[in-house]
Each structure stands twice: as C-alpha cells, then as structure tokens.
Amino acid sequence: MKLGLHLGYWQKNPTDRFVELAQKAEAFGFDSVFTAEAYGSDCFTPLAAIAVSTSKIRLCTGVMQISARTPVCAAMTALTLDHISNGRLCLGVGVSGPQVVEGWYGQQFKRPLERTREWLDIFQQVIAREAPVALDGAQYKLPYDGPNNLHLGKPLKSITHPLRKKIPVFLGAEGPKNIALAAERFDGWMPIFVSPYRMNIFDASLANKPDDFEINAMVNCIVSDNLADAMYPGKMTMAMYLGGMGAKHENFHKNLMDRMGFGDEAQKVQDLWYAGKHEESINAVPDALVDEISLLGPKERIRERLQDWKKSDVTTLMIGHADNFDVSVETMEFIAGEVV
C-alpha cells in the first residue's frame, strides 16, 4: 500500500504552506500528492508550483472536472506539466455534478458516461500523438462540423511532442456504472467515500479491472486521544456532501450511502440540512460511517485499523488535508512510518 497527500482545493484563501507540505510528503516517502478543484481554485496551478519544488513524488489531479476544459485543452495542460515534472503527472478526472456543470460552467449535464468515454478517447489520442486527432462523437466532434461552422477545421496533431505516449488517468466515480467504466477504460479509480469493510459492494463494478489497476481512496487521518473530537470534522464534511453538494432528489453521495447500508441515516442528515438545522445534521451523521472511512483516534487505534486497509483492494491511502482537515507534519510522519 502507498500513501498520497490530498491537498484538496483552496477555500477562501490559498491552502497554507501547500508546497512545503508536498515537500514534507516527498521526504517521508509518500508516493503522490493530489490537488482538486470545485468552483474556485484550479487543480493544475498548485501542481506546477509543487513540480518545481520536488523531484520524485507523483503529481496528481484529484479531481479535474471534465466540463472545465475541452479534452484537447486538458491534454495540452497535461503534456506541458508532464514535461515540467519529468513524467510525474497522473490525471484524476470526474464529471462533477449538475449543480456545478450547469451552474458554474454553463453546460448541459447529460449522459455523463458517454461524455467521459468520448473525453478519454480524445485525450488519449492527443497524448499518443500517432495521428491527427478526430472524433465524430455525440458530445464531442473534432473537427467541428455543427451549426455555423466555417468548413475550415481539419484534424491536427500536437506541435509539442508529449514526454510519454500515455499519461495515467484515474476516474473519480461513485455510481456502479461509472466505477465499471473506470475498471474498463482507466488506469485507476478514485473513491471519495469508501470503507475497507464494505468493499464488496463494488465487486460487480470492479470485476474486470486489470491487475495493475489503482484504487486511490480518500482517508482522513486525525490523531487524537478524544475520538469524538476526531470524528467531528468528518461528520461536518459528510453532512455538507449529503445536504449541500447535490440536489435533494439527485445526490450521488446519498445514493452511495444507501448502497453502503446507511440509507435511512443519510436521509435524516439531508432532511435536517435542508431544514437549515446544520448542527443537528452534522450530529446525525453516524459515528460508525465516519469511523469506517477514516483513521481516527490515538496512534495505537490507528495502527490497528491500518491493518484492515492493508487487507483491502485499496492501493493508495490519500491522507486528506482538504476542507476541515488540517493534517500536521507530525501526523504525516507517523502514518508514513506505519505504511511506507
């Protein structure tokens, strides 16, 4: 099992000391560092700053929103950063959700599986650079031949030769069909909420994954003698995702909680959040749920529960620094001593 440091996306202000944290992670033997985006900071710029200040650690987006960039734009950015970092880039991507795609990017959130397949096809063509890029897809058309086109477009190849013929791409996904697509077409899967004790719910979706398939799981690690205090940030985040991240009748995170066996509890958390009772919603998040998807409590307890993660199919523990989690350098050093 490997370790990743997940720096998330910036909140009101930039994440404090994010380059220094990545440098510490590299020194402690972490395999990778991840940056994200929502509707504020982007995922690539912090990685570029980290790239010039490190030499070994893999640089990963976790995740880049597909609707934020055309496939070709994403490939241009990826091949550029891959050169700058001497081949250390891995691209984690996801479709986000209708609130962000329609509300922030002004695009239709339609047929996300189809969109993801076509996006990956074009991205891989650009990076492989074996022929001019072309796709007659339902959502992407290269060259463009739709309404008001000038009939002047032609298939092109990147002027810049990519450093590698293939840049690893991971898919952030929660639904069964999306996870199956990750196993079929991608180099790895990035689950946001996963329990080592309930991995069986993904068996059907991951049935065809290749042997070298990566599973990079977000796991929040808080060392504390007070377990209740350690759980609170995770409960806060879970309540926000169940209540504030997604529509009431279409919430991918809530659907996942139902498959994990916490459907009734998730419904209560969502109802309280929508009623404006945010603190009650946070308190209604089951301790068992947050505990299973995290590493919390005294060091001995974390050390014991790490053994269950090592027995699971998860290949990388992404230790979270994002949102309400402030991973100290001391915690990073401790967890590295147990895993690396």
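Whatever comes next refers back to the structure up there.
Notes on the structure follow. Because the structure is predicted, anything quoted here is derived from the model rather than measured. (Residues numbered from 1 in each chain as written. Predicted model: local features only at pLDDT ≥ 70, side-chain atom pairs only at ≥ 80, totals over all residues. Heavy atoms only, no water.)

**Section: the packing of aromatic side chains**
Tallied over the full model, the rule gives 5 aromatic pairs. On the basis of an interplanar angle of 55° and a centroid distance of 5.7 Å, the ring pair of Trp10 and Phe18 is categorised as tilted. In this structure Trp10 comes out as partly exposed when scored by relative accessible area, which is 28%. Using a relative accessible area of 15% as the deciding quantity, one classes Phe18 as buried. Aromatic pair Trp189 and Phe202: ring centres 4.9 Å apart, planes at 65°, arrangement edge-to-face. Linking Trp189 in strand 8 (residues 188-190) with Phe202 in the loop between strand 8 and strand 9 (214-223), this pair joins segments that are 13 residues apart in sequence. (Phe/Tyr/Trp six-rings, centres within 6.5 Å; stacked < 30°, edge-to-face > 60°. Buried < 20%, exposed > 50% of the residue type's maximum accessible area, 1.4 Å probe, protein only. Helix = DSSP H or I, 4+ residues; strand = E, 2+ residues; numbered from the N terminus.)

**Thoughts on the layout of surface pockets**
Approximately 320 Å³ is the volume attributed to the second largest pocket. Contributing to the lining of the second largest pocket are 15 residues, with Val72, Met76, Leu156, Lys157 and Ser158 lying nearest its centre. Looking at the lining of the second largest pocket, the element that brings in the most residues is helix 3 (residues 71-84), giving 4 residues. Here the lining of the second largest pocket is composed, by residue class, of 10 nonpolar, 3 polar and 2 charged. (1 Å grid on protein atoms, 1.4 Å probe; cavity = no way out; pocket = protein on both sides within 12 Å on 5 of 7 lines; lining within 4 Å. Points joined across faces, edges and corners; volume = space filled by probe spheres on them. Nonpolar A, V, L, I, M, F, W, Y, C, P; charged D, E, K, R; others polar.)

**Description of empty space enclosed by the protein**
It is the rolling of a water-molecule-sized probe over the atoms that shows where space remains empty. What the rule picks out here adds up to 4 cavities of 30 Å³ or more. As a volume, the largest cavity reaches approximately 70 Å³. For the largest cavity, the lining is made up of 11 residues, of which Phe193, Asn220, Gly234, Ile293 and Ser294 are closest to its centre. It is helix 7 (residues 227-243) that contributes the most residues to the lining of the largest cavity, 3 residues altogether.

**Some words on helix 9 (residues 263-274)**
An α-helical segment advances 3.6 residues per turn. Residues three or four places apart therefore align on the same side. Here helix 9 contains 12 residues, and its C-alpha end-to-end distance of 17 Å stays within 8% of the 16 Å for a straight helix at 1.5 Å per residue. When helix 9 is considered as a whole, its buried residues turn out to be Gly263, Ala266, Val269, Gln270, Leu272 and Trp273. Against the buried residues of helix 9 lie helix 7, helix 8 (252-259) and helix 10 (278-284). Within two residues after helix 9, Gly276 carries a phi angle of roughly 85°, on the positive side. (Expected span 1.5 Å × (residues − 1). Contact = heavy atoms within 4.5 Å.)

**So, the nonpolar core**
Core analysis: the largest hydrophobic core is formed by 96 residues, its most contacted members being Phe30, Trp119, Met257 and Ile335. In terms of residue count, the dominant contributor to this core is helix 5 (residues 112-128) (7 residues). One finds Phe34, Phe170, Met190 and Met318 within the second-largest nonpolar core, a separate group that totals 7 residues. (Core = buried A, V, L, I, M, F, W, Y, C linked by side-chain atoms within 4.5 Å.)

**Considerations on the pairing of strand 11 (residues 316-320)**
Along strand 11, 5 of the 5 residues are buried, which leaves the element largely enclosed by surrounding structure. Inspection of the sheet shows strand 1 (residues 2-6) paired to strand 11 by 5 bridges, in the parallel sense. Across the sheet, Leu5 pairs through a bridge with Ile319, a residue of strand 11. Bridge count between strand 9 and strand 11: 4 bridges; the pairing is parallel. Residue pairing in the sheet places Val219 in a bridge with Ile319 of strand 11. (Pairing = 2+ DSSP bridges.)

**Topic: the pattern of salt bridges**
Summed over all chains, the structure comprises 15 salt bridges. Among the salt bridges present, the one from Arg17 reaches Glu20, with a minimum N-O distance of 3.8 Å. Residue Glu20 is classed as partly exposed on the basis of its relative accessible area of 34%. Between Arg198 and Glu292 there is a salt bridge, with the nearest N and O atoms lying 2.8 Å from each other. One end of the pair, Arg198, is in the loop between strand 8 and strand 9; the other, Glu292, is in helix 11 (residues 287-292), with 94 residues separating them in the sequence. One network of salt bridges, with partners in common, ties together Asp16, Arg17 and Glu20. (Salt bridge = Lys/Arg side-chain N within 4 Å of Asp/Glu carboxyl O.)

**Details of helix 1 (residues 18-27)**
Inspection of helix 1 places Phe18, Leu21, Ala22, Ala25 and Glu26 among the buried residues, and these make up the whole buried set. Within helix 1, the buried residues cover an arc of 140° as seen down the axis, which keeps them to one side. Packed against the buried residues of helix 1 are strand 1, strand 2 (32-35), helix 2 (44-51) and helix 13 (329-339). The first or second residue beyond helix 1 is Gly29, which carries a positive phi of 95°. (Arc of directions from axis to C-beta.)

**Structural notes on the packing of helix 1 against helix 2**
Contact geometry for helix 1 and helix 2: axes closest at 9 Å, N-to-C directions at 55°. Comparing the axis directions of helix 1 and helix 2 gives the class oblique. Note on packing geometry: the crossing formed by helix 1 with helix 2 is right-handed. Together, Phe18, Val19 and Ala22 of helix 1 and Pro46, Ala49 and Ile50 of helix 2 make up the contact between the two elements. Taken together, the residues of the contact of helix 1 with helix 2 break down into 6 nonpolar, no polar and no charged. (Axes fitted to C-alpha atoms, helices over the stretch in contact; angles between N-to-C directions. Parallel < 35°, antiparallel > 145°, perpendicular 65-115°, else oblique. Left-handed = near helix turned anticlockwise from the far one by under 90°.)

**Some points on the packing of helix 3 against helix 5**
Relative to each other, helix 3 and helix 5 sit at 40°, their axes nearing to 9 Å. Overall, the two elements helix 3 and helix 5 adopt an arrangement that is oblique. For helix 3 against helix 5, the interelement crossing comes out right-handed. Contact residues: Pro71, Val72, Ala74, Ala75, Ala78 and Leu79 in helix 3; Trp119, Ile122, Phe123, Val126 and Ile127 in helix 5.

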